[in-house]
Amino acid sequence: MKYSVSALVGLSAALANAHTAFTTLHINDVSQGDGTCVRMNMRPENATSPIPSLSSNDMACGSTGETAVAFTCPAPAGAKLTFEWRVWPNREEPGAIDPGHKGPCAVYAKQVDDMASTPAAGPGWFKIWEEGYDDSAGKWCTEKLIAADGLMSVEIPPGLPSGNWLFRPELLALHNADKGDPQFYTGCAQVQVQGGNSGTLDVPAEYSVSIPGYVKYGDASVSFNIYPPVFPYPMPGPDVYTVPSSGASASSLSDTSSMKALGGATLIPSDCLIKEGNWCGVEIADYSNEDGCWNASEECYNQAETCYASVGPTGNRNCKVWEAKCKGIQDACNAKNFQGPPNKGQKLQDAEAMNLTLPAVNNLGVGLGSANTNSGSQASTETSGASMATSTSAATSSQATSSGSQTGETTAQKATVSAGKSTSSCNKKMRRRRRGGVRK
Ligand SMILES: [Cu+2]
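First, a word on scope: everything that follows refers to the structure included in this document. (Residues numbered from 1 in each chain as written. Predicted model: local features only at pLDDT ≥ 70, side-chain atom pairs only at ≥ 80, totals over all residues.)

Where helix α5 (residues 290-310) contacts helix α6 (residues 317-334), the two axes come as close as 9 Å, and the packing angle between them is 165°. Considering their axes alone, α5 and α6 lie roughly antiparallel with respect to each other. In the crossing of α5 with α6, the sense of the turn from one axis to the other is left-handed. On α6, the residues that touch C293, W294, A296, S297, C300, Y301, Q303, A304, C307 and Y308 of α5 are C319, W322, E323, K325, C326, I329, Q330, A332 and C333. Of the residues that constitute the contact of α5 with α6, the class distribution is 14 nonpolar, three polar and two charged. (Axes fitted to C-alpha atoms, helices over the stretch in contact; angles between N-to-C directions. Helix = DSSP H or I, 4+ residues; strand = E, 2+ residues; numbered from the N terminus. Parallel < 35°, antiparallel > 145°, perpendicular 65-115°, else oblique. Left-handed = near helix turned anticlockwise from the far one by under 90°. Contact = placed C-beta atoms within 7 Å. Nonpolar A, V, L, I, M, F, W, Y, C, P; charged D, E, K, R; others polar.)

Right, dumping it as structure tokens:
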């Protein structure tokens, strides 16, 4: 029973179209692992393609996004979420999105009773952050995203009730919008908010939308000509909804059962020796004789096969790490060392670790961190946080209002694109470039 699984599965190369995909979720600056808790298009051949139609259910969580992934990531109420976008989901090359893809960004949220079975498509979505065109910086949101190495951060509104949530980052590329081809990119993060309000959030009707349905062909926001643009740009979708921080908004307090909050959600098992996407490798049972050894080897390779079969466009690096463990068991069996498993319970080295440094979220409506320049972003003001210390004046940028209209402002959630690191040079020492907060 010697065989190698990696030979069975070729990692499809692909995707040189310079589109983009949301691949990786970070919670409070900790990467959850490529693909973990992330609904993305699992078909490698078009994983980075835009959503084919504005009326498609794919608009909710991307193509194949109606299918839940196995794991849901826990996050404390008010946590910082960072969404990572890549041209090459497997990091084969760096880049967030082709520079020709200019347009706005947003993040939506939806509470789901059952993570596994509540449809993503349909009603219940509201916008927690957006940014369009920043006049003062002369940049679209996507341009700032590129400058931030594809990293976009928002704060979970502290007033959100505990429970299962889908968080949906969205990019819109407008380069062909005037020709009837607006290109949306999206995906969803499966998150279980913990320690928040109880009950269900009542989102006022004017802020609550269906996806698909919240934007239609012909709308000004998706027909906008960027060559040359005539501002202001009308943002797609509803205004950002500011979630009240108190429990006042938590309407029905009757159901506080934590069981319901857990509905359909499987958190990452604590006994994972290593994880790839939404697969987790668990230790092989003890054995003490020859048969047991070979059975253990086989069980290990079976897990490897499951790993390779489960991977999406982000790759299979950790499946290979797991497979090396299996090889170790096999080698021990051949050496007639029938006690095992070797290195029992030892966590395996994560081949995906990238040592990113994600800057703090800048508060309330601040858009993508626009470097240390004066570019400022959205109007919002009440930013806080260290990097913002100097920024006092508020709605300086006149355009904040003109361009993004309802962008951010006081409403939006803390948001910024963190000045992250290149997603590509995973093995290199990451640059320590850090883009501070927005200065006005
Ligand atoms: Cu594209």
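Going from I211 to P212, the amide bond is cis rather than trans, its omega being 0°. Note that P212 resides in the loop between β14 (209-211) and α3 (220-223). F231 connects to P232 through a cis peptide bond whose omega is 10°. Note that P232 resides in the loop between α3 and α4 (258-261). One non-glycine residue with positive phi stands out, namely R91, at about 70°. Here R91 shows up in the loop between β5 (80-86) and β6 (105-111). Under the C-beta neighbour-count criterion, R91 is labelled buried, with 23 such atoms within 10 Å. (Buried ≥ 20, exposed ≤ 12 C-beta atoms within 10 Å, placed from the backbone.)

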